[in-house]
Amino acid sequence: MRVVLGVGAGIAAYKVCELLRLFTESGHQVRVVPTRDSLHFVGAATWQALSGEPVSTEVWEQAEDVPHVRIGQQADLVFVAPATADLLARAAAGLADDLLTNVLLTARCPVVFAPAMHTEMWQHPATAASVALLRDRGVIVLDPASGRLTGADSGPGRLPEPAELFQAALQVTRGRALADLAGRQVVVSAGGTREEIDPVRFIGNWSSGLQGYAIARAGACRGAKVTLVAANTGLPDPAGVSVVAVKSAAEMREAVVGAAEHADAIVMAAAVADYRPATRSETKLKKTGANPGPIELAENADILREISATRRLPGQVIVGFGAETADLLANGKAKLAAKGCDLIVMNQVGNGLAFGTADNEAEILGADGSRVFVPRGPKEVLAEVIWDLVAERLG
Ligand code: CTP
């Protein structure tokens, strides 16, 4: 694909060199279009050498090629990182005072901004207004990550890691309906809960979190504000997603129920333990003496059933998951009825599918009697189908 990589004047431009390499090494053709001031951070020679393409900031160079029109028209994706407050404002206002803003006006392909700036600038009403206007027009503006900024301060404003930006870029080009979740708030749970026996042992499961992370990333790339409640995954935060880390089913319940209050859709992809040890030992259990005997279990709250029974917003769409080793359809129908959700994504466990793998295969059953089979393929593709079905139901 032909990618235009727009670079704004932020220190995080150095991370974009790595993003450029990820694009070119996977066979994409990249034209870097930096702003004039961004060259203070990374020079034109670096972009030229890494992309193998000419680099200019103005419309007046190589004017015989009419670059201010051609580059945007021929692009399959325009990805801007770091997007500064100034660049977001110029794009929102429709200015065309350099090559990049001209490209933004001529591009008809998906356009993604990955903002990075100090927290105060990101939260300023002027920047918020630019972002809202761009999102309203169908442009994808990823929320920045939270963490250490330039200098000693920290907060929202960091550029997500290059590998995550790359994944987001690929996901955007996979999505069928551009920005159809803009303005929606969604909650996704992922990973597997751990129920502590003592300070060093737990009862857990094999969930990797990969499917839930793919769903969260896809949601953000379709414009939704995504809260990802993640249990014990160890995976890097997806770009544009706000992550709440939890360990146990009780912590997951608190985070999901709280976030569900304002959510248009909730996707429970996490493997939540049905039971926990009835008591947790404060000290490590020792092997001395007699066999400690069976562990007594207490039942955990069923989060999916609870949020389905107590929907806070009319029209809220709730999606559950089920993993089975046999009788997928019969179990799916029973689970859909028992949980009271709108859709259930039934996975076959085993045979190189579901846990810890890149691929998945699923049968998605709807409370309205609908049935969609998603053949074996990347978890990112299943994520898109889930959002298609959610978007249809949101209307
Ligand atoms: N789930 C939940 N809270 C729990 C257990 C499960 O919210 N305490 C959710 C999961 O996130 C998933 C769905 O319920 O979306 C299916 O969970 P699963 O464990 O497969 O179903 P169970 O009802 O526990 O049935 P069984 O273990 O008998 O298959």
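The structure contained in this document is the topic of the report that follows. (Residues numbered from 1 in each chain as written. Predicted model: local features only at pLDDT ≥ 70, side-chain atom pairs only at ≥ 80, totals over all residues. Heavy atoms only, no water.)

**Observations concerning the overall build of the chain**
So, point 1. When its secondary structure is counted, the chain shows 13 helices and 19 strands.
So, point 2. Computed over the C-alpha atoms, the radius of gyration of the chain is 23 Å, within 12% of the 21 Å expected from 2.2 N^0.38 for a compact globule of 395 residues.
So, point 3. Here the C-alpha coordinates of the chain stretch approximately 80 × 50 × 40 Å along the principal axes.
So, point 4. In the chain, which comprises 395 residues, the share counted as buried stands at 50%.
So, point 5. Taking as baseline every contact in the chain between residues at least 6 positions apart, the subset at least 24 positions apart corresponds to 67%.
So, point 6. Entry remark: accessible area of the chain is about 17,800 Å², with carbon and sulfur atoms responsible for 53%.
So, point 7. Across the chain, 37 positive and 44 negative side-chain charges occur, with their mean positions spaced 4 Å apart. (Helix = DSSP H or I, 4+ residues; strand = E, 2+ residues; numbered from the N terminus. Rg over C-alpha atoms; globule rule 2.2 N^0.38 Å. Buried < 20%, exposed > 50% of the residue type's maximum accessible area, 1.4 Å probe, protein only. Contact = heavy atoms within 4.5 Å. Areas by Shrake-Rupley, 256 points an atom, 1.4 Å probe, with all protein chains shown as cover. Lys, Arg positive; Asp, Glu negative; His and termini not counted. Charge placed at Lys NZ, Arg CZ, Asp CG, Glu CD.)

**Thoughts on the nonpolar core**
Most often, soluble globular proteins have nonpolar side chains that are buried together.
So, point 1. Judged by nonpolar contacts, the single largest core of 35 residues is most densely connected at I215, I364, I386, W387 and V390.
So, point 2. Breaking this core down by element, the ones donating at least two residues are β8 (185–191), α9 (210–221), β11 (225–231), β13 (265–268), β16 (317–324), β17 (343–348), β18 (359–366) and α13 (379–394).
So, point 3. In terms of residue count, the dominant contributor to this core is α13 (nine residues).
So, point 4. Ignoring any residue separated from it by four or fewer positions in sequence, one finds V390 in contact with A265, V317, V319 and L343. (Core = buried A, V, L, I, M, F, W, Y, C linked by side-chain atoms within 4.5 Å.)

**Digging into the sheet that holds strand β5 (residues 140–141)**
So, point 1. Read from one edge of the open sheet, five strands run β2-β1-β3-β4-β5, paired in parallel fashion. The open sheet has two edge strands with one neighbour each: β2 (29–34) and β5.
So, point 2. As defined by bridge partners, strand β4 (residues 111–115) adjoins β5 across two bridges and the pair is classed as parallel. Residue pairing for β5: V112 is matched across the bridge by I140. (Pairing = 2+ DSSP bridges.)

**What to know about the packing of aromatic side chains**
So, point 1. What the rule picks out here adds up to one aromatic pair.
So, point 2. On the basis of an interplanar angle of 85° and a centroid distance of 5.4 Å, the ring pair of F23 and F166 is categorised as edge-to-face. One end of the pair, F23, is in helix α1 (residues 13–25); the other, F166, is in helix α8 (residues 162–174), and 143 residues separate them in sequence. Neither F23 nor F166 differs from the other in exposure class; each is buried. (Phe/Tyr/Trp six-rings, centres within 6.5 Å; stacked < 30°, edge-to-face > 60°.)

**Comments concerning the sheet that holds strand β19 (residues 371–378)**
Across a sheet, strands are paired by hydrogen bonds formed along the backbone, either parallel or antiparallel in direction.
So, point 1. As summarised here, the arrangement of the eight strands in space is β12-β11-β8-β13-β16-β17-β18-β19, forming an open sheet in which the pairing is mixed. The sheet terminates laterally at β12 (241–246) and β19, the two strands that pair on one side only. Between one strand axis and the next, the sheet turns through 20° on average, direction left out of account.
So, point 2. Pairing analysis gives seven bridges linking β8 to β11, with the strands arranged parallel. Across the sheet, residue S189 finds its bridge partner in β11, namely V229.
So, point 3. Along the sheet, α9 makes contact with β8, β11, β12, β13, β16 and β18, crossing β11 at roughly 170°. (Axes fitted to C-alpha atoms, helices over the stretch in contact; angles between N-to-C directions.)

**Considerations on the layout of surface pockets**
So, point 1. In this model, the largest pocket occupies a volume close to 860 Å³.
So, point 2. Along its surface, the largest pocket is lined by 39 residues, and A270, A271, V272, F321 and A323 are the ones closest to its centre.
So, point 3. Elements with a minimum of two residues in the lining of the largest pocket: β8, α9, α11 (303–309), β16 and α12 (328–339).
So, point 4. Residues of the lining of the largest pocket, tallied by class, amount to 18 nonpolar, 14 polar and seven charged. (1 Å grid on protein atoms, 1.4 Å probe; cavity = no way out; pocket = protein on both sides within 12 Å on 5 of 7 lines; lining within 4 Å. Points joined across faces, edges and corners; volume = space filled by probe spheres on them. Nonpolar A, V, L, I, M, F, W, Y, C, P; charged D, E, K, R; others polar.)

**Considerations on the site of the ligand**
So, point 1. Residues in contact with the ligand amount to 14 residues; listed here are only the nearest, M268, A270, L304, F321 and K335.
So, point 2. Take I303: an N or O atom from its main chain is 3.0 Å from a nitrogen atom of the ligand.
So, point 3. One of the backbone N or O atoms of F321 is found 2.8 Å from an oxygen atom in the ligand.
So, point 4. For the ligand, the protein covers 75% of the area, taking 590 Å² as the surface of the free molecule.
So, point 5. The cavity where the ligand resides is the largest pocket.
So, point 6. Of all the secondary structure elements, the ones that give two or more residues to the shell around the ligand are α11, β16 and α12.
So, point 7. Per element, the largest residue contribution to the shell around the ligand is three residues, and it comes from β16.
So, point 8. Looking at the shell around the ligand residue by residue, the class counts come to eight nonpolar, one polar and five charged. (Near = heavy atom within 4 Å. Polar contact = N/O pair within 3.5 Å; in protein donor to acceptor, adjacent residues only side chain to side chain. Sits in = over half its atoms within 2 Å of the grid points.)

**Topic: α8**
So, point 1. Taking 1.5 Å of rise per residue, the 13 residues of α8 would be expected to cover 18 Å, and the 19 Å separating its terminal C-alpha atoms lies within 8% of that figure.
So, point 2. Of the positions making up α8, those classed as buried are P162, E164, L165, F166, A168, A169, Q171 and V172.
So, point 3. Of the surrounding elements, those touching the buried residues of α8 are α1, β3 (77–83), β4, α9 and α13. (Expected span 1.5 Å × (residues − 1).)

**As for the pairing of β4**
So, point 1. Of all five residues in β4, five are buried, a share of seventy percent or more.
So, point 2. Residue alternation in β4 divides its side chains into two sets, V111, F113 and P115 and V112 and A114, and both sets are buried.
So, point 3. Of the pairings in the sheet, the one linking β3 to β4 comprises four bridges and is parallel in character. Across the sheet, the residue bridging to F79 is V112, located in β4.

**Re unusual backbone geometry**
Negative phi values dominate among residues other than glycine, just as trans dominates among peptide bonds.
So, point 1. In this chain, A81 is followed by P82 through a cis amide linkage whose omega measures -10°.
So, point 2. Structurally, the position occupied by P82 is in strand β3.
So, point 3. Its identity as a non-glycine residue notwithstanding, N232 has a phi of 55°, on the positive side.
So, point 4. Here N232 is to be found in the loop between β11 and β12.

**Thoughts on empty space enclosed by the protein**
So, point 1. For the structure on display, the rule yields one cavity of 30 Å³ or more.
So, point 2. Each pocket or cavity is described by its volume, and for the largest cavity that value is around 60 Å³.
So, point 3. Together, V257, A260, E261, I266, E306, I307, T310, R312 and Q316 line the largest cavity.
So, point 4. Among the elements of the structure, α10 (249–260) and α11 are those that each provide at least two residues to the lining of the largest cavity.

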